[in-house]
Each structure stands twice: as structure tokens, then as C-alpha cells.
Amino acid sequence: MSASELSGEKAWGYPVRGILWALVVCLLAVCLLALLTGRYPELGFLSPHRIAVDEIAWRLFFNLRLPRLLASLMLGMSLAAAGLVFQMLFNNPLIEPGFLGVSQGAAFGAAFCIVFLGGSALAVQGLAVLFAFLGLGLSYLLARRIRYGGWVLRLVLAGITVSALFSAGLGLLKYLADPLSQLPEITFWLLGGLSSITWSRLISILPAVLVGLSVLFLYRWRLNLLSLNEETAFSLGAAPRRERLLLLAAAVLATAAVISVAGMVGWVGLIIPHLARRVFGSDTRLAMPGSLLLGGIFVVVCDTTARTILAGEIPLGILTSLLGACIFLLLMTARGFQIQR
Amino acid sequence: MKINNCFYIILLSLLTAACSPPVQPPASPAADPAANVQPVETTPVEALEAIHITDALGREVILDAPPRRIAITGKALIMILDAAYMFPEAYSQIVAVGSAAQGSSNFVALIDPDFQEKALLQQDASAEQIAAVQPDLVILKSSLAETLGKPLDAVGIPVIFVDFETPDQYARDLQILGDVFQNPERARELTAFYQNRLEEIQAVMASVTGKPRTLLLYYTDRDGTIAFNVPPMSWMQTRLVELAGGEPVWSSANPGQGWTKVSLEQIAAWDADQIMIVSYTDNSSEVVARLVTDPQWQALRAVKQGRLSAFPGDFYSWDQPDARWILGLAWLAKRLHPGHFTELDITHQARDFYQRLYGLDPAFFDGKILPKLTGDLP
């Protein structure tokens, strides 16, 4: 299908390009609302005029809310795009980065650094990325050694096992951690949140996220080929092993980077790709930008809610799980629902 | 516009925005009389000298003027708040506090008549929520430096970190509070109070021979499940046992850095000379009363010999790194070495403590605090 044919496709009776543009507008509107919504000076909107005349409001807007908004955008886009890649490559609509040891690996790496290596922000992020890759690698190798079941079943079993190993290690690290200084940091990994985001933290993950997302976006059309079996993909001109590895590496890179500052935020990587495929179909040329936009909108809305509705901050992971599970339930029970891959 | 171009625009926007340095506010924001902004009344900056304070993390914090709107929040804030209220200035200068209750008790609410007017913050309040009360200084535990300190720095709100976890840190952190409240003389008085009480106990200890093998257990019945826990070696509870001339029997049992659950089998194996029960939610005396009727506990040597004790407390248990730790130390020393502390009257010590540290007269103590005393007090 050529680009011109693609642009003529329709979803729910509307041109897909129109829907994508509507999502872009929706994302911008949500971002603007998120920037102006909060609990300062009281619950509600912060007027642009106040930002201009109030020094605290000015600093809050530019030094807390803006980096936090950008971080939530990166988080949503990365998890959604990585989820789509995982689901397509492994031919399994129930897989997300968390199923293959990536999230648990990143959390274990971060906790290990906090407990034993001092926990500087850069070291924590570096080790989180390293262990995220290790989690994926172990899952992949273990799946190859399991001697029964199809590839998908083996991969899911291996992923569950590796995740459980890292979870056990995380539990041990929590036991050893200083409850006043280290344990709260580790607990943060389990619940997820963006309350400690500053410009310096955001900039530290930006290169990895940009590289990861760029590769995923540019190779989105190859995902259609790579989701086919090895022989078919090869006969259509793809180098399946090399290209799958590249896409997986890019997905894990972006995921690990955002997890390293936001902790474990569940359900985004599972539910958003489903939603994108529901709207745009299984063609990843459309589903990928759809996932990116929907992921961004979803996490920005959740994070703004998390920091606004109560006097204390609700952990982001709790809100994404709650909303994600509700949406998933609606999708699954909706009439005529089909899983497309 | 193609999808590719749209994606590149979003990426470029992210890159441009994220690479911007932290934004500084305009030097003198345009004043607009129509603005619905009600700035907090503060002392004119130019009339006052800047204050330099070195906090528990060794950071030098420079304040343009003495703080007039102080917020104390975050986890474990009871230690900071109870120490801050030893300074008379705290009553007027603290404008926002987190939850200072442990169980159903809140000491500060009792002694500060204006407590209801202070802004109450959630224990996990974010920088934005703290900024909403417009503090000119926030005091936090140093363990919150990364998660809350940095965002507050980004908003431009000065933060002072303190610890208040060990006797040594009490001396240092009281000096820091003395700098904050511009009352170093009071800080010296308070430090001397703790130092004198500690030296009195240590002077008696010099003549004591033999260390009773002591077990301090934290009792919980959360979710209906009873559990006993021992503290790590670095915590105040263990330090109190050592300073009171006891030998902590659990020294090899807690490799972690938090409370560690132990079984009755292990408690029996330790066969301690003295067992002290701590509870933060229940009345420790009632807990001990229940334990002595338990057939399994009745088999323990310490219980048979009447050496199972309820650690005392009033609003908060005295074993914690709260201001009352010095009372807990005196009680523990007398409990472990009763023959050496025959003249020590704990109730009198407590009355003196509240009078000298919080300015509460004996009538207030007898009416409001004495009825709250729990634990095995003679």
C-alpha cells in the first residue's frame, strides 16, 4: 500500500489522517490544560497573568510543571510505542515491556544502585537501563532453551520467570535498604511517579528517549513485515533477526530511560497499543503514530490528575493501572471487538 | 503535512524545550493592581541582614532575611516539629505542618493555641502543594533531599535539612534550628540540657558492673497479625539500650536497616534478662498485660522473673529519636540498674523536661500530660 493509498484509508468512517490530526490537537489541548492546572495558588487554574506577576508561580510553571509535562509525554509515548513493538514482534497482544523482565530488571538495577552504589541520579539511570536490557536478554535466551510449547508461550513463560527473579531480588534489596533514605526511593520504583522531575533529570534521559522513539517511528512500516514468520519476512526482503534486534533494542532503550526517572508505570504499554490498533487497524504505519499520541495523552491526563485531585500526590502507577484496567475491560467487552495484530 | 513531518516537529519541540536551562523569573515582575495576587506580608528585605545557615547535609543556605513563614513537612516530621517547638519563635513562624500525629495523639496541637490556623499538609505533599502556602523556608529530613528538596529548589523555596536521629545529631541539629530562629542562645540551653542529663546517667554508669542482656521488641498487630520486631543497630532504640548499660541481644539478628520481625522461638532462644515492649499505636502497658497471661510468654525466664516491661510514652513513645528520647534513656537506665538509680523519679524528670524545654508549667503537665503517660512507670 502506497503512502497516498494510506492517506485515503478510513477508520470509523473518518479519514485516518484526520483522526491523527485530531489527536495532535487533543494532545496540545491536554498539555496546555495540564500546564495551567494544579494546586497553586489554590486548586484549579493558574492564570497566565499570575504567572507573569508572581515569582513562585513563574518558577513553578517553568521549572516544575513544564519539565514534568515533557517527562509525562516521553513516558507515555515510550511505553506505548515499546508496547506496540513488543506485541507485534512477539505476535502476542498480551505482551508489554513488563512481561519480558524489562520493567522489573530496570527497577532491580535502580534499587541495586540505590542500596550499594550510592544512588546518584546518573548511576541509577545507567544501571536501570543496563538491567532492563539484561532482563530482555535473559527472557529471550531462556525462551530459546525451553523445550516445549510454541515460541509465544515459551517467551511469556521465560518473561514471567525472569520478572519473578528480579522481583525477588528487589524484595531482598528492600529488606537491606535504609528505611529512611533508601527504602522510600525504592518504593518509588514500585509505584511510579514524576514528582521529583527537574530539568536536569529530564535532560539526562532525553537522548535515549529521542534515539529510541526515532528508530521505532522510522521503522514502523517494517514492523508489518517483521510480525510475519521468519521465512515469509525474509522472502519479502527483510533481515528479520537483525531488524527485530534493532527494534527491540530501541524499544528497551526508550522504556528503560523513562522508567529510570518515573519508576514502574503499568498498563500504558499494554492498553494503548490495543486502543491504537482498535482505531487505526493493525497496520503499524498508522498504529505507531496513533500509539505515540494516545500514550502521550493518557499519561499527561493521569499525571495531572495524580498531582491535582488530592492534597497529597497519588502515585502515577496506581492511576494508570486503574484507568488502564477500566479501558481494557471496556475494549474487551465491547461488541464486535477483535484483537488485531 | 506528512505523518513523518508531524513526528519530527513534536520531537524537535521536545528537544528544544528540554534543552532550555531552568528558567529564572523576571527580575522585577510587572506589578498590576488588577492582579488577584495577595503577597504575604514580610519584613522589608533591605532592612535585614542575610542569614547563612549550614544544614545537616553541609549545604550553606543563604536567606535574604530571617524566615517568617516556615513549613515543616515530609516523613518523620514529628522529630523536627517537637524540636522546633522548643524555640518560642516556632509558635508564630511555623505556618504549615504535615501530620504530626502518631496513633491518635498530636502533642503540638495541644501546646500551640494557634495550631488550627496553620496550614495542614499531607505527609507526601509535593513541591507545588508546599508552594501554595508560600513559605519562605521549608525544613525537611535529609532523607528527602533528592525527592522533595530538588523540586523545592527549582521553585526557589529555600530548604534546610536536619536529621534528629541520634544523640550526636540532636546537638548539631538544635544549633541549626537556633540559626533558623535567630536564637542561638536557646539552642545552647537545649543542647546543654540534653548533655547534662546524658552525663548524669553516664556518671552513674561508670560505677556499674555487668550489662544485663536486654531485648527491645516493637509490638504490632496490624491487620490482626501480631508481630514482634527488633531495630537495626544504628537506630536510636539500640543506642538507648547501650547508653543505659544494657547489652542488645539482637545484635547479630538484624542485618537490615529497618525493623526485623522475629519469632517467639527466637525470642526464647535469646533468653534475655530484660524484655522491653514498645508500641506506637497501642498502650504498651495493655500489651504487656496481655502477654503475661499468654502461656507461651509465661515460659520465658524474663517473664517469670517479672522483667517484662512496657516502654513508657505520653503523646509519643519515648524510645524514638523524638525530643523525649532523653526521658526514655533515664527510664531504661533505672529499669536495667534499679539499685544505682534509686533517687531517679521519672515523673519528676518528665515534669522538668516539659517545663524547661516547652515552658509548660507543672499544672499543665499534671492536667494534660500526666494522664497520657503509659508504660511501666513507678
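For the structure, check the block above.
The sections below set out a description of the structure shown in this document. Keep in mind the model is a prediction, meaning the values are calculated, not measured.

So, about the overall build of chain A. For chain A, the helix and strand inventory stands at 15 helices and four strands. Against the globule reference of 20 Å for 341 residues, chain A gives a C-alpha radius of gyration of 20 Å, in line with a compact fold. With the C-alpha coordinates of chain A rotated into their principal frame, the extents come out at 65 × 50 × 35 Å. When burial is assessed residue by residue, chain A has 53% of its 341 residues classed as buried. The long-range fraction of contacts in chain A, counting pairs at least 24 apart against all pairs at least 6 apart in sequence, stands at 75%.

We now examine the sheet that holds strand 5 (residues 119–120) of chain B. Residues and elements named next belong to chain B. With parallel pairing, the five strands of this open sheet are ordered in space as 5-4-3-6-7. For this open sheet the edge positions go to strand 5 and strand 7 (159–162), each flanked by a neighbour on one side alone. Together, strand 6 (137–141) and strand 7 form the strand contacts of helix 6 (residues 145–155), whose direction differs from that of strand 7 by roughly 160°.

This part is about the environment of Leu198(B). Residue and element names in this part refer to chain B. Topologically, Leu-198 is positioned in helix 8 (residues 184–205). The exposure class of Leu-198 is partly exposed, given the 17 C-beta atoms found within 10 Å. In sequence terms Leu-198 and Leu-329 are 131 residues apart; their C-alpha atoms lie 8.4 Å from each other.

Look at the link from Tyr40(A) to Pro41(A): it is a cis peptide, with omega at -5°. As for its position among the elements, Pro41(A) is in the loop between strand 3 (37–38) and strand 4 (44–45). One non-glycine residue, Gln134(B), lies in the positive phi region at around 50°. Position of Gln134(B) relative to the elements: it lies in the loop between helix 5 (127–131) and strand 6. Here Gln134(B) falls in the buried class, since 20 other C-beta atoms lie within 10 Å of it. Unlike most non-glycine residues, Asp271(B) shows phi in positive territory, near 50°. Relative to the helices and strands, Asp271(B) resides in the loop between helix 10 (264–270) and strand 12 (274–278).

The next subject is the packing of helix 2 (residues 16–36) of chain A against helix 4 (residues 55–89) of chain A. Residues and elements named next belong to chain A. Remark: helix 2 packs on helix 4, axes separated minimally by 9 Å, with the N-to-C direction vectors making an angle of 145°. Helix-helix and strand crossings are classified by hand; for helix 2 and helix 4 the assignment is right-handed. Residues Cys-31, Ala-34 and Leu-35 of helix 2 form the contact with helix 4, whose own contacting residues are Phe-61, Arg-65, Leu-66 and Leu-69. Considering only residue class, the contact of helix 2 with helix 4 consists of six nonpolar, no polar and one charged.

Parameters and conventions
- Throughout this document, residue positions are counted from 1 along each chain, in the order its sequence is written.
- Chain labels run from A onward and ligand labels from 1 onward, assigned in the order the entries are written.
- Local features in this predicted model are restricted to residues of pLDDT 70 or higher, and side-chain atom pairs are both shown and tallied only at a pLDDT of 80 or more, whereas totals for entire chains, interfaces and linings draw on every residue.
- A helix here means a DSSP run of H or I that spans at least four residues, while a strand means a run of E at least two residues long, and both kinds are numbered starting from the N terminus.
- For a compact globule the rule gives 2.2 Å times the number of residues to the power 0.38, and the radius of gyration it is set against comes from C-alpha atoms.
- Three exposure classes are used. Buried residues have 20 or more other C-beta atoms within 10 Å of their own C-beta, exposed residues have 12 or fewer, and partly exposed residues fall in between, all C-beta atoms being placed from the backbone.
- By the convention adopted here, residues are in contact when the distance between their C-beta atoms, placed from the backbone, does not exceed 7 Å.
- In short, DSSP must find at least two bridges between two strands for them to pair.
- Convention adopted: a line fitted to C-alpha atoms gives each axis, helices being fitted over their contacting stretch, and angles between N-to-C directions are expressed from 0 to 180 degrees.
- Should the near helix be turned anticlockwise from the far one by less than a right angle, the crossing is left-handed, and should it be turned clockwise, the crossing is right-handed.
- Under the scheme applied here, ten amino acids are nonpolar (Ala, Val, Leu, Ile, Met, Phe, Trp, Tyr, Cys and Pro), four are charged (Asp, Glu, Lys and Arg), and all others, including Gly, are polar.

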